[in-house]
Amino acid sequence: MTSDHGLTGRTNQGPVLTRGGEAETCADPSAVMALFADSAQTGGAFTSYRSTFVEGAPGAPAHVHTRAWEVFFVLGGSLQVLLGEEVTLLHQGDFLAVPPGTPHAFRAAPGSGADILCVFTPGMDRFDYLRLLGRVTRGEEPPSRLAETSERFDNHYVDSPVWRAALEAAQ
């Protein structure tokens, strides 16, 4: 069963099924990521993975994407999120779609873990970024490797005094 669903510029793409127990996982001391579908599997339509953060996990520093929307659905726990110049909390059942060019950051909310489904659209091969992030977090690669790959993975770190203040207040 394949269909292009009227999407121009896309080849016919069949369903993508990833069983939970068969998903590749990336882990670091604060999170486990289950990799569901990368851009190559979806004809470039999207990339999707699940991140489960332990209580107090640092999550992602302030950054922007220039080409992709980043979508979050909170499956459990609570997520503290920077959106531009505002910090807010997302709770189980909350949905957030961050458009390109919007500075954002996220972490497990103080006193909580977080379980989130993430989707990037259009898709890009982000699984290599998540694998690299795990190696950097575990000390197997230097943090400078992340900056070297910012264009490839459309992940551009930015300074956010608002986010820094939120992190300091949580300590």
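All of these numbers come straight from a predicted model, not from anything done at the bench.

A. Fine view of the overall build of the protein chain. Counting its regular elements, the protein chain contains four helices and ten strands. N-terminal to C-terminal, the α/β element order of the protein chain is β-β-β-β-β-β-β-β-β-α-α-α-β-α. Against the globule reference of 16 Å for 171 residues, the protein chain gives a C-alpha radius of gyration of 16 Å, in line with a compact fold. For the protein chain, the C-alpha atoms occupy an extent of roughly 50 × 35 × 30 Å along the three principal directions. Here the protein chain holds 171 residues, and the buried ones make up 42% of them. Long-range contacts, defined as pairs at least 24 residues apart, comprise 69% of the intrachain contacts of the protein chain with a sequence gap of at least 6. In the protein chain, the 12 positive side-chain charges and the 20 negative ones have mean positions that sit 4 Å from each other.

B. Expanded view of helix α1 (residues 127-137). Where α1 is concerned, the buried positions are Phe127, Tyr129, Leu130, Leu132, Gly134 and Val136. Residues of α1 that are buried in the fold lie against β1 (24-28), β2 (31-37), β3 (47-53), α2 (144-148), α3 (150-153) and β10 (156-157). Positioned one or two residues after α1, Gly139 has a phi angle of 80 degrees, which is positive.

C. Examining the layout of surface pockets more closely. Of the pockets and cavities examined, the largest pocket occupies roughly 370 Å³. Together, 24 residues line the largest pocket, and Gly59, Ala60, Pro61, Tyr129 and Leu133 are the ones closest to its centre. The set of elements that each furnish at least two residues to the lining of the largest pocket consists of β2, β3, β4 (60-64) and α1. By residue number, the principal contributor to the lining of the largest pocket is α1, which donates five residues.

D. Highlighting the packing of aromatic side chains. Applying the stated criterion across every chain, the model contains four aromatic pairs. Relative to Phe106, the ring of Phe53 lies with its centre 6.2 Å away and its plane at 65 degrees, an arrangement referred to as edge-to-face. Here Phe106 lies in strand β8 (residues 104-108) and Phe53 lies in strand β3, a separation of 53 residues in the sequence. The residues Phe53 and Phe106 share a single accessibility class, namely buried.

E. Representation of the environment of Ala147. Its location among the elements puts Ala147 in helix α2. When the C-alpha atoms of Ala147 and Phe106 are compared, they prove to be 19 Å apart, with 41 residues separating the residues in sequence.

F. The confidence of the model for the protein chain, seen in detail. With 93% of its residues at a pLDDT of at least 70, the protein chain reaches an overall mean of 91. Segment residues 1-9 is flagged for pLDDT under 50; beyond a separation of four residues in sequence, or across chains, it makes nine contacts in the model.

G. Highlighting unusual backbone geometry. Pro122 follows Thr121 through a cis peptide bond whose omega is -5 degrees. One can find Pro122 in the loop between β9 (114-121) and α1.

H. Molecular detail of the pattern of salt bridges. Applying the stated rule across the entire model yields nine salt bridges. Taking the shortest distance from any N to any O, the salt bridge between Glu141 and Arg135 comes out at 2.9 Å. When its relative accessible area of 28% is taken as the criterion, Arg135 is described as partly exposed. When salt bridges that share partners are traced, they join Glu24, Asp128, Arg131 and Arg152 into one network.

The rules behind these values
- Residues numbered from 1 in each chain as written.
- Predicted model: local features only at pLDDT ≥ 70, side-chain atom pairs only at ≥ 80, totals over all residues.
- Heavy atoms only, no water.
- Helix = DSSP H or I, 4+ residues; strand = E, 2+ residues; numbered from the N terminus.
- Rg over C-alpha atoms; globule rule 2.2 N^0.38 Å.
- Buried < 20%, exposed > 50% of the residue type's maximum accessible area, 1.4 Å probe, protein only.
- Contact = heavy atoms within 4.5 Å.
- Lys, Arg positive; Asp, Glu negative; His and termini not counted.
- Charge placed at Lys NZ, Arg CZ, Asp CG, Glu CD.
- 1 Å grid on protein atoms, 1.4 Å probe; cavity = no way out; pocket = protein on both sides within 12 Å on 5 of 7 lines; lining within 4 Å.
- Points joined across faces, edges and corners; volume = space filled by probe spheres on them.
- Phe/Tyr/Trp six-rings, centres within 6.5 Å; stacked < 30°, edge-to-face > 60°.
- pLDDT = per-residue confidence, 0-100.
- Salt bridge = Lys/Arg side-chain N within 4 Å of Asp/Glu carboxyl O.

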